[in-house]
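In case you want the letters, here they are:
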Amino acid sequence: MHVLPDSVSTSSVSRETVAFIIPLYNEEAVLPLLVAELEAYRAAHAEVVQVVFIDDGSRDQTAALVRKLTGHLEGYVLIRFSRNFGHQLAVTAGMEFVETDAAVIMDADLQDPLDVVTEMIEKWKAGYDVVYGIRKRREGETLFKRTATKVFYRLFRHLSDTDAPLDTGDFRLVSRPVLDAFRKMQEQQPYVRGLVSWIGFNQTGIEYIRPARAAGETKYPFRKLLKLATDGLFSFSDRPLRYAVRLGLLVSALSVLGLIWVLIDKYIIGVEVVGWASIVFALFFFGGLQLFFLGIVGAYLARVYEEVKARPRYLVRETWASEVPAPAPLPVEQEAHA
Ligand code: UDP
Ligand code: MG
């Protein structure tokens, strides 16, 4: 039994049905194992009534394999994107699709242990709205990736005003009120974990050791990680712009001091002012700095441009469901409609 802080609501929202949201990008290697694990889990946890796979434009047999493996099973849905839109938008599509009382977002590669899901569901039933997994240790990932993500989460915390927990990915349970709030946020390049922190309600974390991928290769090359990091920073902080202003002021102030020093040298001490090297150095240094900050301004501008164009954030080519649909979330209401 969990002891809850006073702040935890005991509101009367229903806490019965759970859906899994699992994005897939070229995951044919791990799918058979994943479906077997999910079925074993669901046999013991009846609240998991639905599994929503989002096929993020896979180029292998992922979609066909989902149909083959789950066609005869209960409550599987496959949302197929028209192309690869990225992990964050795949998760977003899943969160916008599900109608259950709560949803668990997890990776396809079984790096998010199902034992932890059980704990998440317990905490949710006890009154929490968001239960996220905190990676205490990561196995089977390169030193570079571990260090880069550690540094990023700390930098993010320092730069943004949103109180995001450290070392926390998208593996989490979110309740219906959070899902409803999330649907209202139609950002073009959503940084899901940041948005969920921003939403608030009662959030808590569970520490776990993240195992290595069960099969297949990582689908997050450095380029995608970098995009995730910049999406997070630029959409949750305007501090890079403010730092630019401060640095600009500081440099101007220093240059006035420098000028005074040069004047003293020339007219009071009488030193011949030689300056070619220092001028060239200063030219390149400040040229670089200006381009750098122009780039930062440009990055914000590009994001504004994305929002203004307001294109659909993802396109679904097809939505498929297994033969046995998930039981209706509210049987009482269903009777009333019949
Ligand atoms: N993924 C996706 N679209 C992408 C890249 C990844 O939907 O463009 C999915 C992938 O199939 C997996 C999850 O996102 O379910 C996390 O990817 P991965 O496990 O490769 O990332 P890592 O754990 O190595 O950071
Ligand atoms: Mg993974």
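Counting restarts for each chain: residues are numbered from 1 in the order of the written sequence. Note on labels: chains are lettered from A, ligands numbered from 1, in written order. Whole-chain, interface and lining totals are the exception, using all residues; otherwise, since this is a predicted model, local features are given only for residues with pLDDT of at least 70 and side-chain atom pairs are given and counted only at 80 or more. Each side-chain value is derived from all of the structure's non-hydrogen atoms; neither hydrogens nor water enter the calculation.

### A few points about the coordination of the magnesium ion (ligand 2)
Argument step 1. Metal sites are built from N, O and S donor atoms within 2.8 Å, or 3.2 Å for Na, K and Ca, and they leave out water, so they may look incomplete. At this site the magnesium ion (ligand 2) is bound by Asp109 (OD) and Gln111 (OE1), with donor distances of 1.9 Å.
Argument step 2. Classification of Gln111 by relative accessible area gives buried; the value is 7%. Relative accessibility under 20% of the residue-type maximum defines a buried residue, over 50% an exposed one, and the middle range a partly exposed one, all with a 1.4 Å probe and only protein chains included.

### Focus: the nonpolar core
Argument step 1. As used here, the term nonpolar core means buried Ala, Val, Leu, Ile, Met, Phe, Trp, Tyr and Cys residues forming a set that is joined through side-chain atoms within 4.5 Å. One finds Phe81, Met95, Val174, Phe182 and Val196 to be the most contacted residues of the largest nonpolar core, which totals 38 residues.
Argument step 2. Secondary structure elements follow DSSP: runs of H or I no shorter than four residues count as helices, runs of E no shorter than two count as strands, and numbering proceeds from the N terminus. In terms of residues, this core owes the most to one element, helix α3 (residues 87–97), which gives five residues.
Argument step 3. Whether two residues touch is decided by their heavy atoms; if any such pair falls within 4.5 Å, the residues are in contact. In contact with Phe81, not counting residues within four places along its chain, are Ile54, Asp55, Asp56, Gly57, Leu89, Ala90, Ala93, Tyr314, Leu315, Val316 and Arg317.
Argument step 4. In terms of nonpolar packing, the next biggest core, distinct from the first, is built from 37 residues, Leu31, Ala63, Leu65 and Met120 among them.

### Describing the site of ligand 1
Argument step 1. Nearness here has a simple test: a residue counts as near a molecule or strand if at least one of its heavy atoms is within 4 Å of that partner. Taken together, 19 residues lie near ligand 1, and Glu27, Asp56, Asp109, Thr218 and Lys219 sit nearest.
Argument step 2. Counted as a polar contact is a pair of N or O atoms within 3.5 Å, where, for protein atoms, one must be capable of donating a hydrogen and the other of accepting one, and residues adjacent in sequence contribute only when both atoms are in side chains. Interatomic distance of 2.7 Å between a side-chain N/O atom of Gln111 and an oxygen atom of ligand 1.
Argument step 3. Within the contact set of ligand 1, an oxygen atom lies 2.5 Å away from a backbone nitrogen or oxygen of Lys219.
Argument step 4. Residue burial considers only the protein chains on display, and all accessible areas are found by Shrake-Rupley using a 1.4 Å probe. When ligand 1 is considered free in solution it has 530 Å² of accessible area, and contact with the protein chains removes 95% of it.
Argument step 5. Here the residues of the shell around ligand 1 are counted per class, giving five nonpolar, five polar and nine charged. Under the convention adopted here, Pro, Cys and the residues Ala, Val, Leu, Ile, Met, Phe, Trp and Tyr are nonpolar, Asp, Glu, Lys and Arg are charged, and Gly plus all remaining residues are polar.

### A look at helix α5 (residues 143–159)
Each α-helix turn comprises 3.6 residues. Residues three or four places apart therefore point the same way.
Argument step 1. Taking 1.5 Å per residue, 17 residues should reach 24 Å; α5 reaches 24 Å between its end C-alpha atoms and fits that length.
Argument step 2. Buried within α5 we find Lys145, Thr149, Phe152, Tyr153, Phe156 and Leu159. Buried residues of α5, seen end-on, are gathered within an arc of 140° and therefore sit on one face of the element. Among the exposed residues of α5, those pointing more than 90 degrees away from its buried face are Leu143 and Val151.
Argument step 3. Buried-residue contacts for α5 involve β5 (130–138), β6 (168–175), α7 (192–199), α8 (222–236) and α9 (239–269). Each helix should span, by expectation, one fewer than its residue count multiplied by 1.5 Å. The arc in question is the one traced by the directions running from the helix axis out to the C-beta atoms.

### Digging into the sheet that holds strand β4 (residues 102–105)
Argument step 1. Pairing is mixed across the open sheet formed by eight strands, whose spatial order is β7-β5-β6-β4-β1-β2-β3-β8. If you trace the sheet from one side to the other, it starts and ends with β7 (203–210) and β8 (316–321), each paired once. Taken pair by pair, the neighbouring strands of this sheet meet at an average axis angle of 20°, ignoring direction.
Argument step 2. Note on pairing: two strands pair once DSSP finds at least 2 bridges between them. Of the pairings in the sheet, the one linking strand β2 (residues 48–55) to strand β3 (residues 76–81) comprises five bridges and is parallel in character. In the strand pairing of β3, Val52 is matched with Val77.
Argument step 3. Relative to the sheet, helix α4 (residues 114–125) contacts β1 (18–24), β2, β4, β5, β6 and β7, its axis offset from that of β6 by approximately 40°. An axis is simply a line fitted to the C-alpha atoms; with a helix, the fit covers only the stretch in contact. Between two such axes, the angle follows the N-to-C directions and lies from 0 to 180 degrees.

### With respect to unusual backbone geometry
Argument step 1. One non-glycine residue, Asn26, lies in the positive phi region at around 50°.
Argument step 2. Here Asn26 lies in the loop between β1 and α1 (31–44).
Argument step 3. Its relative accessible area of 23% is what places Asn26 among the partly exposed residues.
Argument step 4. Even without a glycine there, the phi angle at Asp167 is positive, about 50°.
Argument step 5. With respect to the secondary-structure elements, Asp167 resides in the loop between α5 and β6.
Argument step 6. With a relative accessible area of 14%, Asp167 lands in the buried category.

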